[in-house]
Amino acid sequence: MTTAATADLVTAARAAGRGAAAFNVITLEHAEAITAAAEAAALPVILQISENAVAYHGGRLEPLLAGAAAVARAASVQVALHLDHVQSEQLLRAGVAAGADSVMFDASRLAYGENVRATARVTEWAHGHGVWVEAELGEVGGKDGAHAPGVRTDPVEAAAFVAATGVDALAVAVGSSHAMTRRSARLDHPLIAALRTAVPVPLVLHGSSGVPDGELRQAVAAGVVKVNIGTALNVAFTAAVREQLAAQPAAVDPRRYLRAAREAMSGTAEHLLRVVAGEPARLTTAADRA
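All values derive from a computational prediction rather than experimental measurement.

Rules of the game
- Residues numbered from 1 in each chain as written.
- Predicted model: local features only at pLDDT ≥ 70, side-chain atom pairs only at ≥ 80, totals over all residues.
- Heavy atoms only, no water.
- Helix = DSSP H or I, 4+ residues; strand = E, 2+ residues; numbered from the N terminus.
- Buried < 20%, exposed > 50% of the residue type's maximum accessible area, 1.4 Å probe, protein only.
- Contact = heavy atoms within 4.5 Å.
- Areas by Shrake-Rupley, 256 points an atom, 1.4 Å probe, with all protein chains shown as cover.
- Pairing = 2+ DSSP bridges.
- Right-handed = clockwise from strand over helix to strand, strands pointing away.
- Axes fitted to C-alpha atoms, helices over the stretch in contact; angles between N-to-C directions.

### Side note on the overall build of the chain
- Along its length, the chain carries 12 helices and 8 strands.
- Looking at the chain residue by residue over its 290 residues, the buried ones come to 54%.
- Within the chain, residue pairs in contact and separated by at least 24 positions form 71% of the contacts whose partners lie at least 6 positions apart.
- For the chain, the exposed surface amounts to about 11,800 Å²; the carbon and sulfur share of it is 53%.

### Looking at the pairing of strand β1 (residues 20-24)
- Buried residues dominate β1, accounting for 5 of its 5 residues.
- Side chains Ala20, Ala22 and Asn24 of β1 all project onto a buried face; the interleaved residues Ala21 and Phe23 project onto the opposite face, where all are buried too.
- Sheet analysis places β1 next to strand β8 (residues 224-229), joined by 4 bridges and oriented parallel. Bridging across to β8, Ala20 finds its partner in Lys226.
- Both β1 and strand β2 (residues 45-50) contribute to a ladder of 3 bridges, which runs parallel. Counterpart to Ala22 in the pairing with β2 is Ile46.
- Once you follow β1 into helix α2 (residues 28-41) and on to β2, the crossover reads as right-handed.

### Describing the environment of Leu81
- As for its placement among the helices and strands, Leu81 is situated in strand β3 (residues 79-86).
- Classification of Leu81 by relative accessible area gives buried; the value is 4%.
- Residues Leu81 and Ala68, 13 residues apart in the sequence, show an inter-C-alpha distance of 7.8 Å.
- If we ignore the near neighbours within four places in the chain, the residues touching Leu81 are Thr3, Ala4, Thr6, Leu47, Leu65, Ala68, Ala69, Ala72, Gly99, Ala100, Asp101 and Ser102.

### Digging into the sheet that holds β1
- Pairing in this closed barrel of 8 strands is parallel, and the strands run β1-β2-β3-β4-β5-β6-β7-β8 around the ring. Across the sheet, the axes of successive neighbouring strands diverge by a mean angle of 25°, strand direction being ignored.
- Packing against the sheet, helix α9 (residues 213-222) makes contact with β7 (203-205) and β8, and its axis sits at approximately 145° to β8.

Below, the structure is given as structure tokens:
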């Protein structure tokens, strides 16, 4: 199967009134775990690679993206490839050349006017190359910005931003925060509904690992479409590795503990895929147990 287009998965989810889950990929095990979860749930999924993940791999995007693409092509369900929180326009272009068909361009650290100009410029280029663009007004919580406690996206400003930039989706600040290891966030659901009314493009929720199942379901019902998840997989991964190494302190073969880590991530991803899609949950995640 060829890789799917992020635009198609998000459009279909929006039309069906469900969410489209997007999981961050750091290693090949992440891509394998997420895709196996999507196959088990019989649901489409978005694999996304962030600029931070590229930096971890020595600034080389192509090997990780190529590996994720190979896993995606072998899947029995639709799998799309997305670039997440890209600030470098050079990296964005390299990612598109390497096969990504969508990007979250992050100019949120700039002042509003500069953000608009940079995002509009990138969006014009991306649309000329058939690339779907997500952006945001301010930084997501955990990164010193607009999703810090009490900070929220203004619907009027959001509508103006989308009109001025031409982006295809907008990440909004409604109470979530990056890198949460406990699922304790409470979202502003009336604000999500107001943003859905004000903004003509799909809404994206970043920092979803810290959002409980019920809150995620409500967010999708209120208007969120694309749901980004990263830390929840890493919580599951790390817990499994710790458990394996504690039980086998003399182990040196990474396949022993990485297999367990991959399986743990897959279980968490399948659970969250079902939640975001509005299906019955199957398990309690490692983050819930933390």
